[in-house]
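Residues per chain are reported as follows:
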Amino acid sequence: MKIRKHFFTLIFLLSTLIVFGQKNEYNVIPQPVQLKPDAGQFTFNNQTSLFLDKGVNKEVSNAFFILAEHLKTAGGIDLQTTTTGKANGIVCKINNQLPKSESYKLQIEKDKIIVEAREPIGFFYAAQTLRQLLPSEIESQTKQANVKWTVPCCQIEDTPQYAYRGMHLDVCRNFSPKEEVMLYIDQLAFLKLNTFHWHLTDDQGWRIEIKKYPRLTEVGGFRNRTVIGHYNDKPRRWDDTRVGGFYTQEEIKEVIAYAQKRFINIIPEIELPGHAVAALTAYPQFSCSGGPFQVEGLWGIFNDVYCTREETFGFLEDILDEVADLFPSEYIHIGGDECPKLRWERCNACQERMKAEGLKNEHELQSYFVNRIGKFLSTKGKKFIGWDEILEGGNLAHDAIVMSWRGTEGGIAAARLGHDVIMTPSAAVYLDYYQSQLPSEPLAIGGYVPIQTVYNFNPTPAELTPAEAKHIWGVQANVWTEYMPNANQRQYMIFPRIAALAENAWLPAEKKNYTDFEHRLPSLLKHYNVMGINYSKAFYNITGAPSIQKGKLELALQTADPKAKIHYTTDGSPANTQSPLYTTPGVLGKTPVTLNAIPVENGGILSAPYSQSFIVNKAAGQKVTLSTEPTEKYKGKGVLTLTDCILARYPLMGSEWLGFLGKDVDVLIEFEQPVSVHKLTTGSAEHPGQWIYAPKEVEYFISENGTAFQSIGKLEREDMLKNDSKAILEIPAVEIKKLKVAVKNYGIIPEGEQGAGNGSWLFLDEIVVE
């Protein structure tokens, strides 16, 4: 059976040790930077204690509180703190030679465990490592019988690569109660993540109590309707249920204290100058038009933003005054992204502001806005973070921190200007994107970010010099909740991709190994099972790798689990455990075929079924040349993407698409032998909410002799939209040697649409030649 086998080299040897028939496994995420396995195991029992060596503050014992609570609840073991007796205990020692405050050393012996760290946070991280090494039953909420509470002997030296290791949560599009936020913080701590970016204000809801402006939550904290389905679904349907919520300042203090105990810094985000509709609904006088407004139930970007009148800055400074006093964090995120300039262009007050400040355009006005807020925050002892749009307009304050989300380009530019950078590019770490290409996935915004993409992203771009690279502060994954209406769905989208983010942020690039991560992840999933986390099983999904062999389409199936067996069908019927067993790549016929398959282990189905339709046609396996290269983040499988006989799914923008930003492209197909052609189809996508538009036109050219080309037909955009964005042309049969498909980009996004004024994306799928 040809499925992915895990051939581990040195890293695997560090993960598993077999001595005298006893198997030790070291399934820790993030993987420790250095781990030396050893024989034997340490056993926790009622005589186990926490011993504080000389010079160790009692505060260190608090770093073990989570481990102690779990041992007490699940194992009935009371981990007492003592300063006498080291046998059968956890011995804590201060080691000021360790490189960072978060560094730790862990030596597990048969009769004791020695933990060394500089500060309490290092001891806390050592405790999380021990917790992951314990049986997954340690997560139980009731006492467990017949469990050996053992951890394998080893020596660990561990330290994080990046100082900033963050997770974000949008509580505006869909509100998360305080209790859910606390559970989220628990999971960050479990994986040694140290920052929680709390997105508290947006067009769809204002979630933080501001005592001076109570209408922000009384009015802005609730909306009267929410769009049903996807943003691009037309005509739009609405759920008229009133929804919302907010956190009182007392509740926020409670969450902050909860996070501090787990060594997590909370960075609040107060969006400005855009994404302000909820606030302007409550206080319309701070807009350019004066309103009235309503809290948005639709996703996207809206033209009404904060006006630049003096009164608006007073309003925002009052808000930030309360926020700064409430949050101990040194940093406050002020947004700065997706701010349309239309209202400013038409606002006399804003135009007067530009003249008074000597600003050339509205981009410079945004820079003025952001910098002015930044100067105010500095009087409160705070620094500000903003999305990469804050670079636009120039003159950004030198201590501003840039969060690069529209790719890595903004982060690179910021680092070269001397700004610290948090990398969070959408194509690599946006967890609202699909994590599987299977049709059974729940509705998401689009995109495709599987767990291996999160893991393999390198936060430090290779093009930076060593001096510039020092400005890469860290990495963060973002959770935008438009399509996550409840806690169950939020968990499904976050877990287990959060684990890949955690290891990405912790390990240096040369230590990362996705294959080894795959080996360790199932152990973490066992912990999640006991916790009751609704994680995605996309990790186990079957993937298909098509290839053309001697003019025929072959398909190889694989799954991440080396023990799994794959059962399949090719007649469109669902696969089951009695279906044929996959052994080697199979040849698919020349007619449309739908292949269904399931991964099975010990009689159980591991994940959702694989299902893919294939259109075997004359373009398969032929030479393809592009006049324009696709963008790096949407390059699919290269030119094979257009002729692999797989029809891409919509709205999923995964590896079956090629993406071109603001550019036309010609596709040339050269046939090995002349072929008779009577029908041509080129697939594209129409997804305005993500700036993706079907082509302006598609024109087909053929060459019968291989040299001269003639046009045989042109399809306009309107024609394609009637056929699911496909350019379909039927002609009398003709024998050709070459085919050229000239595709024109839609052009600039029109006013009133998402991304107005920017170049549009062109996404291309399969070219079918019949």
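Our structure's up above, just so we're on the same page.
Here's what I pulled together on the structure shown here. (Residues numbered from 1 in each chain as written. Predicted model: local features only at pLDDT ≥ 70, side-chain atom pairs only at ≥ 80, totals over all residues. Heavy atoms only, no water.)

1. With respect to the overall build of the chain
Heads up, the rule is: Each helix is a run of DSSP H or I of at least 4 residues and each strand a run of E of at least 2, with the numbering of both proceeding from the N terminus. When we talk radius of gyration, it's over C-alpha atoms, and the globule rule is simply 2.2 Å times the number of residues to the 0.38. Whether a residue is buried, partly exposed or exposed follows from its accessible area with a 1.4 Å probe, protein chains only, as a fraction of its type maximum: under 20%, in between, or over 50%, in that order. The criterion used for residue contact is that any of the two residues' heavy atoms lie within 4.5 Å. Surface accessibility follows the Shrake-Rupley procedure with a 1.4 Å probe radius. Residue values consider only the protein chains on display as shielding. Only four residue types enter the tally: Lys and Arg on the positive side, Asp and Glu on the negative side, with His and both chain ends excluded. To locate a charge, the coordinates of NZ of Lys, CZ of Arg, CG of Asp or CD of Glu are taken.
Broken down by element type, the chain carries 20 helices and 38 strands. In terms of C-alpha radius of gyration, the chain reaches 28 Å, essentially the compact-globule figure of 27 Å for 770 residues. In terms of its C-alpha atoms, the chain occupies a principal-axis envelope of roughly 95 × 75 × 50 Å. Within the chain, the proportion of its 770 residues that are buried is 57%. Sequence-distant contacts in the chain: of pairs separated by 6 or more residues, those separated by 24 or more amount to 71%. Surface accessibility of the chain: about 30800 Å² in total, with carbon and sulfur atoms responsible for 49%. The averaged location of the 90 negative side-chain charges in the chain is 5 Å from the averaged location of its 79 positive side-chain charges.

2. Comments concerning the nonpolar core
Selection criterion: Side-chain atoms within 4.5 Å link the members of a nonpolar core, which is a set of buried Ala, Val, Leu, Ile, Met, Phe, Trp, Tyr and Cys residues.
One finds Phe64, Ile90, Met167 and Trp198 to be the most contacted residues of the largest nonpolar core, which totals 187 residues. For phenylalanine 64, the contacting residues outside a window of four places in its chain are Leu50, Ile90, Cys92, Val115, Phe123 and Ala127. Ranked by size, the runner-up nonpolar core spans 30 residues in total, among them Val665, Leu680, Ala727 and Val743.

3. Some remarks on helix H13 (residues 409-416)
Along H13, the residues that are buried comprise Gly410, Gly411, Ile412, Ala414 and Ala415. On the buried face of H13, the contacting elements are strand S21 (401-404), strand S22 (421-423), helix H16 (466-469) and strand S23 (472-477). Phi turns positive, to about 95 degrees, at glycine 418, one or two residues after H13.

4. A look at helix H12 (residues 362-379)
This is how the line gets drawn: Given a helix with a known number of residues, its expected span is that number minus one, times 1.5 Å. Any pair of N or O atoms that falls within 3.5 Å is considered a polar contact. Within protein, one atom must be able to donate a hydrogen and the other to accept it, and sequence-neighbouring residues count only if both atoms are side-chain atoms.
Its 18 residues place the ends of H12 26 Å apart at the C-alpha level, agreeing with the 26 Å of an ideal helix rising 1.5 Å per residue. Summarising burial for H12: 13 of the 18 residues are buried, a large majority. By the N-cap criterion, in which a side-chain oxygen at the helix start approaches the backbone nitrogen of a residue two or three places on, H12 is capped by asparagine 361, the distance to histidine 363 being 3.1 Å. Within two residues after H12, glycine 381 carries a phi angle of roughly 75 degrees, on the positive side.

5. With respect to the packing of helix H18 (residues 497-506) against helix H19 (residues 514-531)
For any two helices packed against each other, the geometry comes down to the angle between their axes and how far apart the axes lie. Quick reminder of the rule: Every axis in this analysis is a line fitted to C-alpha atoms, fitted for helices over the stretch in contact. Angles between the N-to-C directions lie between 0 and 180 degrees. Oblique is the label for any angle not under 35 degrees, not over 145, and not in the 65 to 115 range, which are roughly parallel, roughly antiparallel and roughly perpendicular in turn. Here a crossing is taken to be left-handed if its near helix is turned anticlockwise relative to the far helix by less than a right angle, and right-handed if that turn runs clockwise. Just so you know the grouping, Ala, Val, Leu, Ile, Met, Phe, Trp, Tyr, Cys and Pro go in nonpolar, Asp, Glu, Lys and Arg go in charged, and all remaining residues, Gly too, go in polar.
Look at H18 against H19: their axes get within 11 Å of each other, and the N-to-C directions meet at 125 degrees. Viewed along their axes, H18 and H19 adopt a mutual orientation that is oblique. You can see that H18 and H19 cross each other, and the crossing is right-handed. Between H18 and H19, the contacting residues are Ile498, Ala499, Ala500 and Glu503 on the first element and Phe517, Arg520, Leu521, Leu524 and Tyr528 on the second. The residue makeup of the contact of H18 with H19, split by class, is seven nonpolar, no polar and two charged.

6. Thoughts on the sheet that holds strand S18 (residues 265-272)
Rules: What makes two strands pair is DSSP finding at least two bridges between them.
Taking strand neighbours around the barrel as the criterion, the eight strands line up as S10-S11-S18-S19-S20-S21-S22-S23 in a closed arrangement whose pairing is parallel. When strand polarity is set aside, the average angle formed by the axes of neighbouring strands in this sheet is 30 degrees. Bridging between S18 and strand S19 (residues 331-335) involves two bridges; their strand directions are parallel. Looking at S19, one finds that glutamate 269 is bridged to histidine 333. Running over the sheet, helix H9 (residues 310-326) touches S18 and S19 and is turned about 170 degrees from S18. Across the sheet, H18 lies against strand S10 (164-170) and S23, angled at about 150 degrees from S10, the strand it touches most.

7. A word on the pairing of strand S34 (residues 665-684)
Bridge count between strand S31 (residues 623-626) and S34: four bridges; the pairing is antiparallel. Across the sheet, leucine 626 pairs through a bridge with valine 667, a residue of S34. Relative to strand S37 (residues 726-744), S34 runs antiparallel, the two being bridged by 14 bridges. For isoleucine 669, the partnering residue across the bridge sits in S37 and is leucine 739.

8. Some thoughts on the environment of tryptophan 387
Inspection of the secondary structure assignment puts tryptophan 387 in strand S20 (residues 383-387). Residue tryptophan 387 is classed as buried on the basis of its relative accessible area of 0%. Distance in space between the C-alpha atoms of tryptophan 387 and tyrosine 700 is 42 Å, their sequence separation being 313 residues.

9. Here's the deal with the packing of aromatic side chains
So the rule is basically this: Aromatic pairs are defined between Phe, Tyr and Trp rings, using the six-membered ring for Trp, whenever the two ring centres lie within 6.5 Å; interplanar angles under 30 degrees are classed as stacked, those over 60 as edge-to-face, and all others as tilted. Distance and angle both matter: a charge sits over a ring if NZ of Lys or CZ of Arg is within 6 Å of the ring centre and within 35 degrees of the ring normal.
Here the structure, examined in full by the defined rule, presents 37 aromatic pairs. Put simply, the rings of Phe175, Tyr184, Phe196, Trp198, Tyr247 and Phe327 touch in pairs and so form one group of aromatic residues. Over the face of the ring belonging to tryptophan 238 we find arginine 225, whose NZ or CZ atom lies 3.5 Å from the ring centre. For the cation-ring pair, lysine 537 lies above tyrosine 535, with the distance from its terminal atom to the ring centre recorded as 4.8 Å.

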